[in-house]
Amino acid sequence: MLNTAIAVPLPQGLQAKLVLEKGKIIRILGPAKIYVESGCIRILGVDLCKGQEIWISKYRSYAVKAVDVSTLSVIIGEGGAVEEPSPGEEPIDEWENIAREIVSRGGRVVVLGPIESGKTSFSTFLSNLGIENGLKTVLIDADVGQCDLAPPGFIAMKFMDRKVIWLRELVGDLIRFIGFITPAYSLAMARIITSVMELVNIAEEKGSQLIIINTDGWFGDLMSIEFKIQLIRSVKPSSVVIMGNKILCEQLSNIFTKFSLPKVYCVSSPMHVRKRDRDDRRQLRRINYMQYLQKAKKRCFNINSIAILNSCLFNGTLITDDLEQLRMKLGIEAIMASKYEDLLVVAVSDDTKVDRMQIGSDNVYIIKPSHAKGALVALLNENMEEVGMGIIESIDLLRKEICILTEYEGVVKGVSIGRIIVSEEYADKGKVMKCII
């Protein structure tokens, strides 16, 4: 029972005492703090007992189940709530049963579903149960737009050594740069699949027994389904979890039953979750950028001393002797230029006025050094592995110098440039361009 009638949002800072019978389920919407005065409760496979407490973010909501008769002290922040769910609204017991079966199978697990379907929570639940059962557990966060273990634009892998209820309490052990905040581009899809497979192989080399792959919320249209099927074909998981969409789950299950792997689990989503709109998601990305850049320092590199990847200007064949002819042909002063079979890339000074009609060709792409300011980058070691992240502060093409704001202090052998621009306020513009630099 609840010894209070709390079932609606409460004023900021209100403290309530709840007494829960064994097996009772309540729903907590953050921001909130829970302190266990007596008994034990369970959240996503984490048991909290007398004297323990937990904070719930304003962006999260959780079902709380009393393991024993329990007394809780709950402080509710602005916008938070304690609710008593109706029967069937919180599939916590269903999750526990399915998660235990998946963990007993072990191996690779792919978790799919639309936005706000509970993918991350269920993935965290699986990880907690894996740890509880003594398995070497790894979680790969492949949600490139809302990655909890790495900055936006990256995916990450964590060797899980403790239980958590929110992955943002952790930082990935290995990161891979995708360079987009959405998978809905062919290059992004290819990078995600390649990177996930690389991380899976590393995890198995390290003896991991349960590898959980949490995916993005792009799920339902034709291209997204093709992408997820290709991801499953590449990963070859022992289990696939599809959250929320039972009809689509049954359709995909009919496809995969023709093969020896995987087993498909159709898992219910909570009927009431803390919804995050576009502004919330942008704010979460902003917080994430700040987390990895708040102690950043400027590091400058000679362009000729490092490799620059994913740059139209630096990855083509540099034009060194024909800049004057290029000026006469295009009517603009070129600082640098490079060519491909289908494209001519020309760098001009920031104060150059460019008339597209003057150039008169779709095969000429004009860039300016200022275009690169704020571009999200990954810093690479001698093995071409991502070891840090940063944003470009400036590029001086005449001095052949690139300056990057980053917390990483180690040796840098290369810089991989993404398609994301981060403002001075740490807000991403999210524009996908043919070329930033």
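Keep in mind that what you see is a predicted model, and the values were worked out from it rather than measured.

Caption draft 1: Spatial organisation of the sheet that holds strand β21 (residues 344-347). If you walk across this open sheet you meet the four strands as β19-β20-β21-β22, and the pairing is mixed. One side of each edge strand has no neighbouring strand; the edge strands of this open sheet are β19 (317-318) and β22 (364-367). Where β21 meets β22, four bridges bridge the pair, whose relative direction is parallel. Residue pairing across strands places V345 opposite Y365, the latter belonging to β22.

Caption draft 2: Quick peek at the pattern of salt bridges. Using the criterion set out here, one finds 26 salt bridges in the structure. Residue K263 is joined to E101 by a salt bridge in which the shortest nitrogen-to-oxygen separation is 2.7 Å. Of this pair, K263 sits in strand β16 (residues 263-267) while E101 sits in helix α1 (residues 92-105); the two residues are 162 residues apart in sequence, bridging distant segments of the chain. One salt-bridge network, held together by shared partners, links R42, D47, E96, R100, E132 and K163.

Caption draft 3: Examining helix α2 (residues 119-132) more closely. With 14 residues, α2 extends 20 Å from end C-alpha to end C-alpha; this agrees with the ideal 20 Å at 1.5 Å per step. Among the 14 residues that make up α2, 12 are buried, leaving the element largely enclosed by the rest of the structure. Among the residues of α2, those classed as buried are K119, T120, S121, F122, S123, T124, F125, L126, S127, N128, L129 and G130. After α2 finishes, the residue G134 shows a positive phi value of roughly 80°.

Caption draft 4: View of the nonpolar core. Core analysis: the biggest nonpolar cluster contains 63 residues, and I34, I43, L72, F122, L126 and V241 have the highest contact counts within it. Setting aside residues no more than four positions away along its own chain, L126 makes contact with A99, I102, V103, V109, V111, L210 and I212. In this structure, I140, V144, I178 and I232 belong to the second largest nonpolar core, which totals 36 residues.

Caption draft 5: Local environment of the sheet that holds strand β4 (residues 40-43). Strand order in this open sheet of five strands is β5-β4-β7-β2-β9, and the pairing throughout is antiparallel. Single-partner strands in this sheet number two, and they are β5 (46-49) and β9 (81-83). Here the strands of the sheet are splayed against their neighbours by 30° on average, with no regard to which way each runs. Summarising the sheet, strand β2 (residues 25-29) and β9 pair through three bridges and their orientation is antiparallel. For R27, the partnering residue across the bridge sits in β9 and is E83.

Quick notes on the rules
- Residues numbered from 1 in each chain as written.
- Predicted model: local features only at pLDDT ≥ 70, side-chain atom pairs only at ≥ 80, totals over all residues.
- Heavy atoms only, no water.
- Pairing = 2+ DSSP bridges.
- Helix = DSSP H or I, 4+ residues; strand = E, 2+ residues; numbered from the N terminus.
- Salt bridge = Lys/Arg side-chain N within 4 Å of Asp/Glu carboxyl O.
- Expected span 1.5 Å × (residues − 1).
- Buried < 20%, exposed > 50% of the residue type's maximum accessible area, 1.4 Å probe, protein only.
- Core = buried A, V, L, I, M, F, W, Y, C linked by side-chain atoms within 4.5 Å.
- Contact = heavy atoms within 4.5 Å.
- Axes fitted to C-alpha atoms, helices over the stretch in contact; angles between N-to-C directions.

Functional significance is not addressed by these values, which are geometric in nature.
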